[in-house]
Amino acid sequence: MLKGKVAVVTGGTRGIGYAIVKKYLENGAKVVLFGSRKETVDKALASLKDENGDWEVEGAYPDLSDAKKVEKAIEAVKEKFGRLDILVNNAGISDSTKVDKYESGQFEKVLNLNVNSIFYAVQPAVKIMKEQGGGCIINTSSMVSISGQPGGVAYPASKFAVNGLTLSLARELGPSNIRVNAVAPGITRTDMVAALPKEMIEPMTAAIPLRRVGEPEDVANAFLFLASDMASYVTGEVLSVDGAMRA
Ligand code: NAD
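Criteria and cut-off values
Residues numbered from 1 in each chain as written. Predicted model: local features only at pLDDT ≥ 70, side-chain atom pairs only at ≥ 80, totals over all residues. Heavy atoms only, no water. Near = heavy atom within 4 Å. Polar contact = N/O pair within 3.5 Å; in protein donor to acceptor, adjacent residues only side chain to side chain. Areas by Shrake-Rupley, 256 points an atom, 1.4 Å probe, with all protein chains shown as cover. 1 Å grid on protein atoms, 1.4 Å probe; cavity = no way out; pocket = protein on both sides within 12 Å on 5 of 7 lines; lining within 4 Å. Sits in = over half its atoms within 2 Å of the grid points. Helix = DSSP H or I, 4+ residues; strand = E, 2+ residues; numbered from the N terminus. Nonpolar A, V, L, I, M, F, W, Y, C, P; charged D, E, K, R; others polar. Patch = residues over 30% accessible without salt bridge, like charges linked within 9 Å, V, L, I, M, F, W, Y side chains within 5 Å. Salt bridge = Lys/Arg side-chain N within 4 Å of Asp/Glu carboxyl O. Buried < 20%, exposed > 50% of the residue type's maximum accessible area, 1.4 Å probe, protein only.

A. View of the site of the ligand. Looking at the ligand, there are 22 residues lining it, with Thr13, Arg14, Ile16, Asn90 and Tyr155 nearest. Arg14 is positioned such that a nitrogen or oxygen atom in its side chain is 2.8 Å from an oxygen atom of the ligand. At a separation of 3.3 Å, an oxygen atom of the ligand approaches a polar side-chain atom of Thr190. Taken by itself the ligand offers 820 Å² of open surface, and the protein chains cover 83% of this. More than half of the atoms of the ligand fall within 2 Å of the grid points belonging to the largest pocket. If you list the elements that add at least two residues to the shell around the ligand, you get α1 (15-26) and α6 (154-173). Within the shell around the ligand, the residues separate by chemical class into seven nonpolar, 13 polar and two charged.

Encoded structure:
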């Protein structure tokens, strides 16, 4: 479904991002995954190469809070592969701090990674996509961008902003043949969720209409659809992949 396409996936070393990288490689794309540290990037690359030595996958670890470094890393992808078709802005951190317990700078740290870093990656990517006649951008939102959450207000605030960026960029960039969408996962079995005790998982699962937590692959499938030509007329959409838990 993605033969010949070149993709960048931020936060691609583990969890949902890693599942997206794998799904894109399985479908013929060349992928550059961005992580936060050399060690975790190398580990992810080794594990992907182990699965299939023919996959064209590389890694980088620009500081996503530094616009210049992000720009350089995106430009390096274009230099190496000649184009950039798909930008997945997936890196993110969550938060559960009560509003009166926030320490100085903590709110800004969540917004910096979850929102500002998307803007920093979008700018150089759009330049390349405009030159080549099109492309697509997919952002990782969350079900809390619809429902909010009691605590950790920086996190839902950041994901509401992701939806705003998505819809507005879709309207601005449509005439340049650049589609912009988001995926809003519900509770997904990444390392963090897998480590929770049964006593916490069971009531959470009971509140999900589909009666199971999502797997990273459930979410990656939505990213595959949105990146592919199957979604050629889909833009400005926030696609929930949450078993209807948002309701
Ligand atoms: P994870 O913690 O397993 O992975 C996060 C990724 O982001 C990692 O690859 C990490 O390297 C990267 N990252 C974190 N801080 C970074 C930084 N400062 N600089 C660069 N990269 C950094 O998380 P996940 O659950 O796979 O989450 C991925 C995305 O999905 C996030 O945007 C998250 O908000 C969203 N999400 C997750 C869930 C869930 O239940 N897991 C639900 C809704 C939305």
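And the narrative resumes.
B. The arrangement of a nonpolar patch on the surface in detail. Taken together, the side chains of Met1, Phe225 and Met230 present a nonpolar region at the surface, about 330 Å² in accessible area. Mapping Phe225 onto the fold places it in helix α9 (residues 216-227). What makes Phe225 partly exposed here is its relative accessible area of 32%.

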